[in-house]
Amino acid sequence: MPAYALNPAIDGQEPRKAGPFVKWAGGKTSLLAELHKHVPGRLRGYHEPFVGGGALFFSLRPRRAFLADSNGELIHTYQQVRDQVCGVLDALSLHVYERSHFERVRALDPVELPPSERAARFIYLNKTCFNGLWRVNRAGRFNVPFGRYKAPTFLDPGALIRASQALKGAQIQHAPFELSLQKARPGDFVYLDPPYDPVSATASFTSYTQDSFGWEDQERLAAACAALNRRGVRFLLSNSATDRVRRLYRGFEQRIVHAPRHVSCKADGRGRVDELLVFNG
Ligand SMILES: C[S@@+](CC[C@H](N)C(=O)[O-])C[C@H]1O[C@@H](n2cnc3c(N)ncnc32)[C@H](O)[C@@H]1O
């Protein structure tokens, strides 16, 4: 019998809240209080087309949620955590934190694995690789090196079950933002957290998937926000507060907020950074 099929010690034991189950570059946990100020009191449909770790989604737990991302492995994992959490936990329990095991798992082709094992591989690599980064080579293969931790918690049944419960009923789509935004209806709310416009040439952190997110993507995103506004959809967008991003959204409300930055390869990249919030209404 699978170890996590019927374990009352795990299910329903803790009243703790659901939260992100992956570490994600640009994760918004530290900015939640600021983001909450711009979320409507009554949520109809909630959309996150750049869901990443989903910090805002998990903090709000909206009833009608549409989550999407262009990272197919991430989205597959969300779907498995929602639908097959016991299978994912079983598969995770077979992993160990050792460099040779990590390298063997990293070399596997995820597409050839059974669905739950594929999701477990993603979570295991995310929690044990260097800085929790997601980076792939030209062939689309994950290539982040082994990370040094005391005891990384890649197997956290309580957290994964809480995340699974929060995801029940959510529509989860592997799609670029233009496609997933088509589902937004008048009266809905959209939170957009794209890869940020780099504040300097070396600070670029946009290779989340094979395709990086360049300035033309930022322009298409601004056009998509203007279209949401015309359709009566409320939106909140976060980005870095560069001059050109501020110009791109000059027709909308803007606010600068300060957030501690955690994901950075360089020590001097840490510290407080200016972030821009853009919103309508
Ligand atoms: C800044 S992260 C989102 C972080 C998230 N808010 C959190 O709290 O963890 C940006 C996300 O956008 C996704 N992404 C990049 N290009 C995209 C595109 N064209 N369409 C949809 N998602 C995209 C990346 O895979 C990444 O997960």
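All values reported here derive from a predicted model rather than from experimental measurement. (Residues numbered from 1 in each chain as written. Predicted model: local features only at pLDDT ≥ 70, side-chain atom pairs only at ≥ 80, totals over all residues.)

## Structural notes on the site of the ligand
Near the ligand lie 22 residues; those nearest to it are Gly26, Phe50, Gly52, Gly53 and Asp193. Among the residues forming the shell around the ligand, the class breakdown is ten nonpolar, eight polar and four charged. (Near = placed C-beta within 6 Å. Nonpolar A, V, L, I, M, F, W, Y, C, P; charged D, E, K, R; others polar.)

## Focus on the confidence of the model for the protein
With 86% of its residues at a pLDDT of 70 or more, the protein shows a mean pLDDT of 89. Low pLDDT (under 50) marks residues 206-210, which in the prediction has 13 contacts with non-local residues, meaning those over four places away or in another chain. When the criterion is pLDDT under 50, residues 263-270 qualifies, and its contacts beyond four places in sequence or with other chains add up to nine contacts. (pLDDT = per-residue confidence, 0-100. Contact = placed C-beta atoms within 7 Å.)

## Considerations on the nonpolar core
Counting residues in each nonpolar core, the largest one holds 68 residues, and the members touching the most others are Leu67, Val81, Val88, Val190 and Phe235. Excluding residues within four positions of it along the chain, Val88 makes contact with Gln80, Val81, Ser116, Ala119, Ala120 and Leu160. (Core = buried A, V, L, I, M, F, W, Y, C linked by C-beta atoms within 7 Å. Buried ≥ 20, exposed ≤ 12 C-beta atoms within 10 Å, placed from the backbone.)

## A look at the packing of helix H3 (residues 72-83) against helix H6 (residues 115-128)
Two numbers describe how H3 lies on H6: the axes approach to 9 Å, and their chain directions differ by 115°. The interaxial crossing formed by H3 with H6 has left-handed handedness. On H6, the residues that touch Glu73, His76, Thr77, Gln80 and Val81 of H3 are Pro115, Ser116, Arg118, Ala119, Phe122 and Ile123. Residue composition of the contact of H3 with H6, by class: five nonpolar, four polar and two charged. (Axes fitted to C-alpha atoms, helices over the stretch in contact; angles between N-to-C directions. Helix = DSSP H or I, 4+ residues; strand = E, 2+ residues; numbered from the N terminus. Left-handed = near helix turned anticlockwise from the far one by under 90°.)

## Considerations on the pairing of strand S5 (residues 234-240)
For S5, the buried fraction is high: six of the seven residues fall into the buried class. Of the pairings in the sheet, the one linking strand S4 (residues 189-192) to S5 comprises four bridges and is parallel in character. Each bridged residue has a counterpart across the sheet, and for Phe189 the counterpart in S5 is Arg234. (Pairing = 2+ DSSP bridges.)

## Brief notes about helix H7 (residues 157-167)
Taken across its eleven residues, H7 has eight buried, putting it largely inside the fold. Taken together, the buried positions of H7 are Pro157, Leu160, Ile161, Arg162, Ala163, Ser164, Ala166 and Leu167. For H7, the secondary structure elements touched by its buried residues are helix H2 (55-60), H3 and helix H4 (85-92).

## Some remarks on the pairing of strand S1 (residues 45-48)
Pairing geometry for S1 and strand S2 (residues 64-69), over four bridges, is parallel. Bridge pairing in S2 links Glu48 to Leu67. Between S1 and its parallel partner S2, the chain crosses via H2, and the hand of that crossover is right-handed. Bridge analysis of S1 against S4 gives two bridges, and the strand direction is parallel. Looking at S4, one finds that Tyr46 is bridged to Phe189. (Right-handed = clockwise from strand over helix to strand, strands pointing away.)

## Thoughts on the packing of H4 against H7
Two numbers describe how H4 lies on H7: the axes approach to 10 Å, and their chain directions differ by 155°. In terms of orientation, H4 and H7 fall into the roughly antiparallel class. For the element pair H4 and H7, the recorded crossing hand is right-handed. For the pair H4 and H7, the contacting residues are Val85, Val88 and Leu89 in the first and Pro157, Leu160, Ile161 and Ser164 in the second. Here the residues of the contact of H4 with H7 are counted per class, giving six nonpolar, one polar and no charged. (Parallel < 35°, antiparallel > 145°, perpendicular 65-115°, else oblique.)

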